[in-house]
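Residue strings, one per chain:
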Amino acid sequence: MREIVAVDIGGTHARFAIATIEDGKVVTLGEATTLKCAEHGSLALAWETFGRSLNRTLPREAGIAVACPVSGEILKLTNNPWIIQPSQLAARLHLDNFVLVNDFGAVAHAVAQVDSSHMKHLCGPDIDLPTEGAITIVGPGTGLGAACLLRRSDRYFVMETEGGHLDYPPLDELEDKILSALRLRFRRVSAERIVSGPGLTNLYEVIAEMQGWPITLRDNRTLWKNALDGSDTVAAAALERFCLSLGAISGDLALAHGARGVVIGGGLGLRLADSLGQSGFAERFVAKGRFEAMMTEMPVKIITHPQPGLFGAAAAYAEAHP
């Protein structure tokens, strides 16, 4: 058993923890330290801040999840100003070995390794996730993440994707109007423009404009609070449309992956658990025409682990360096 550093770098926050691994699995994950990316000039500076907070020398192995595709000489995070050069990481972070994984690739690793007690049933048959075949992982946060987990016998494989950047699929007249309005703001309207933390703001503003009502909520945090507690009618309507769209997009990705199960994750996934269960998510998820019967047989879960990105970053390293 040995210690490693687990890192989960999102669009807004970077999270760090010490994990222990053994035989390709995560044994323990220590308490997470969360730092605001905007308050640190680089990953290396945030890394040093984490080390000082523990008042100890950090392990020389690390699993690092990043919110962008992991390819090329320079990684530019999708919603974060940090720039990461993989070839320089070992020297700058004083590491002997490390693994870089996409943030939702990390969540897929977490799905592969966490106990079933960390899965909350959302819709479909209330059964465990399949031990064979593909599982789609999707979820909103600062952006919209997506990945595919493939289980074969006693092994698993993670396919990192950018499925959240597929085109937004309007499915009724209201969504046609939403799409038309957002086309005036963005060169291209992806699913992430709707189903993400900032996406709720887009929905709220467009719906308010359609109603001819003033836009009174400017702060995204307040908007989410009022949408979730139902204290603002327009915000609640925006959240309802958000849940419908997440259901439709999750079903589309499951079809594309040939999945036999779906897991909702992301920074907002667990926070939305009650809202999704009471919304039209399930109806939109299965509404796939000739494949509706197949979709109704697919279990959909929400991962409830408090730090799936960190756990998954550690799991990705453990799997690569057993």
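To be clear, the structure that these remarks concern was listed above.
Described in the following lines is the structure provided in the data block.

So, how was this worked out
Residues numbered from 1 in each chain as written. Predicted model: local features only at pLDDT ≥ 70, side-chain atom pairs only at ≥ 80, totals over all residues. Heavy atoms only, no water. Axes fitted to C-alpha atoms, helices over the stretch in contact; angles between N-to-C directions. Helix = DSSP H or I, 4+ residues; strand = E, 2+ residues; numbered from the N terminus. Parallel < 35°, antiparallel > 145°, perpendicular 65-115°, else oblique. Contact = heavy atoms within 4.5 Å. Nonpolar A, V, L, I, M, F, W, Y, C, P; charged D, E, K, R; others polar. Phe/Tyr/Trp six-rings, centres within 6.5 Å; stacked < 30°, edge-to-face > 60°. Buried < 20%, exposed > 50% of the residue type's maximum accessible area, 1.4 Å probe, protein only. Lys NZ or Arg CZ within 6 Å of the ring centre and 35° of its normal.

Focus on the packing of helix α4 (residues 173-183) against helix α7 (residues 233-257)
Right, on to step 1. Between α4 and α7, the least distance of the axes is 12 Å, while the angle of their chain directions is 95°. Regarding the angle of α4 to α7, the classification is roughly perpendicular. Contacts from Leu-174, Glu-175 and Ile-178 in α4 reach Arg-241, Leu-244 and Ser-245 in α7.
Right, on to step 2. For the contact of α4 with α7, the per-class residue count stands at three nonpolar, one polar and two charged.

Remarks on unusual backbone geometry
Right, on to step 1. The phi dihedral of Asp-23 is positive, around 55°, even though this residue is not glycine.
Right, on to step 2. With respect to the element layout, Asp-23 can be found in the loop between β2 (13-22) and β3 (25-29).
Right, on to step 3. In this model, His-94 sits at a positive phi of 60°, which is unusual for a non-glycine residue.
Right, on to step 4. With respect to the secondary-structure elements, His-94 resides in the loop between α2 (86-93) and β8 (97-102).

Let's talk about the packing of aromatic side chains
Right, on to step 1. Under the counting rule described, the total for this entry stands at four aromatic pairs.
Right, on to step 2. Summarising the aromatic geometry, the rings of Phe-16 and Trp-47 are spaced 6.5 Å apart at their centres and angled 80° between planes, so their arrangement reads as edge-to-face. Pair noted here: Phe-16 is in strand β2 and Trp-47 is in helix α1 (residues 43-54), with a separation of 31 residues, a long-range link.
Right, on to step 3. Their ring planes at 85° and their centres at 5.3 Å tell us that Trp-224 and Phe-242 sit as a pair that is edge-to-face. Highlighted residues: Trp-224 in helix α6 (residues 220-229) and Phe-242 in helix α7, separated in sequence by 18 residues. Like Trp-224, the residue Phe-242 is buried in the burial classification.
Right, on to step 4. Members of the aromatic cluster, each reached through a chain of ring pairs, are Phe-16, Trp-47 and Phe-50.
Right, on to step 5. Directly above the aromatic system of Phe-186 lies the positively charged group of Arg-193, at a separation of 3.9 Å from the ring centroid.

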